[in-house]
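Residue-level structure breakdown
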Amino acid sequence: MVRGLSESVCFKNPPYGKKTGRNLYVAGPSKVNRNTTLGDNVRFHGMKITGKGRVDIGSYVIAAGDCMIITQNHNYEGDAIPYDDTLNFRDVVIGDFVWIGARVLILPGTKIGEGAIIQGGAVVHGEIPPYAIAGGNPAKVFKYRDAEHFKKLKAEGKFYRG
């Protein structure tokens, strides 16, 4: 089931990307690539996923408005400058229960661990560990969630369902 779809949503390749879990909620202009896998209870309030790299998004992931995930770059070490005709593809993996703030840019090759929070406006590259709270450009971890509290709520099935 897809809830909240607006006319500005552009999901190609039925159902949406490579695989879509249950209860997808889309409330803003959003687009996924062909290689996107979405877990259950994903909420997009404006997400654009570009490139031909793989994107795996876990369950109970919430992304605020104007977010972007990029999975490819031009090859700047090829046969021409500033870059040649070839592209480099890098996968993006986002774990379960990740909260992504507004206007976050996630670059190719990024991995975000379970329960992480990404502050609005961040530019994320590399690896963000589980339960980390990160922000800035480039995004840096500046705090961690209480992992025991998180695990307790998870075990009790206390998930935000909107």
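In this report, the structure presented in the accompanying data block is examined. (Residues numbered from 1 in each chain as written. Predicted model: local features only at pLDDT ≥ 70, side-chain atom pairs only at ≥ 80, totals over all residues. Heavy atoms only, no water.)

As a general point, the strands of a sheet are linked pairwise by backbone hydrogen bonds and lie either parallel or antiparallel. Reading across the sheet, the four strands line up as E6-E9-E14-E17 and stay open at both edges, with parallel pairing between neighbours. Both edges of this open sheet fall to strand E6 (47-50) and strand E17 (123-124), since each of them pairs with a single strand only. The sheet contact formed by E6 and strand E9 (residues 67-70) spans four bridges and is parallel. The residue bridging Thr50 from the neighbouring strand is Ile70, located in E9. (Pairing = 2+ DSSP bridges. Helix = DSSP H or I, 4+ residues; strand = E, 2+ residues; numbered from the N terminus.)

Throughout the structure, instances matching the rule amount to seven salt bridges. Among the ionic pairs, Asp66 bridges to Arg103, the shortest N-O distance being 3.3 Å. Of this pair, Asp66 sits in the loop between strand E8 (62-63) and E9 while Arg103 sits in the loop between strand E13 (99-100) and strand E14 (105-106), and the two are 37 residues apart along the sequence. Across this residue pair, the class does not change: Asp66 and Arg103 are exposed. Here Glu114 makes a salt bridge to Lys154, at a shortest N to O gap of 2.5 Å. Of this pair, Glu114 sits in the loop between strand E15 (111-112) and strand E16 (117-118) while Lys154 is found in helix H1 (residues 147-155), placing the two residues 40 residues apart along the sequence. Note on Lys154: relative accessible area 36%, which makes it partly exposed. (Salt bridge = Lys/Arg side-chain N within 4 Å of Asp/Glu carboxyl O. Buried < 20%, exposed > 50% of the residue type's maximum accessible area, 1.4 Å probe, protein only.)

Turning to the sheet that holds strand E4 (residues 36-38), a few remarks are in order. Across the sheet, which stays open at both edges, the six strands sit in the order E2-E4-E7-E12-E15-E18 with parallel pairing between neighbours. The sheet is open, and its two edges are formed by strand E2 (19-20) and strand E18 (127-128), each paired on a single side. By the bridge criterion, three bridges tie strand E7 (residues 55-57) to strand E12 (residues 92-94) in an arrangement that is parallel. Residue pairing in the sheet places Ile57 in a bridge with Ile94 of E12.

Here we come to the packing of aromatic side chains. Taken as a whole, this structure holds five aromatic pairs when the rule is applied. For the pair Tyr60 and Phe97, a centre-to-centre distance of 5.3 Å together with 5 degrees between the ring planes defines the contact as stacked. You can see Tyr60 sitting in the loop between E7 and E8 and its partner Phe97 sitting in the loop between E12 and E13, a full 37 residues away along the chain. A relative accessible area of 16% means that Tyr60 is categorised as buried. Take Phe97: its relative accessible area is 16%, and that puts it in the buried class. Between Tyr60 and Phe159, the ring centres sit 4.6 Å apart and the planes meet at 50 degrees, which makes this aromatic pair tilted. Here the residue Tyr60 occupies a position in the loop between E7 and E8, and Phe159 occupies one in the segment after H1, the gap between them amounting to 99 residues. In this structure Phe159 comes out as partly exposed when scored by relative accessible area, which is 24%. Lying over the aromatic face of Tyr25, Arg43 brings its terminal NZ or CZ to 4.1 Å of the ring centre. (Phe/Tyr/Trp six-rings, centres within 6.5 Å; stacked < 30°, edge-to-face > 60°. Lys NZ or Arg CZ within 6 Å of the ring centre and 35° of its normal.)

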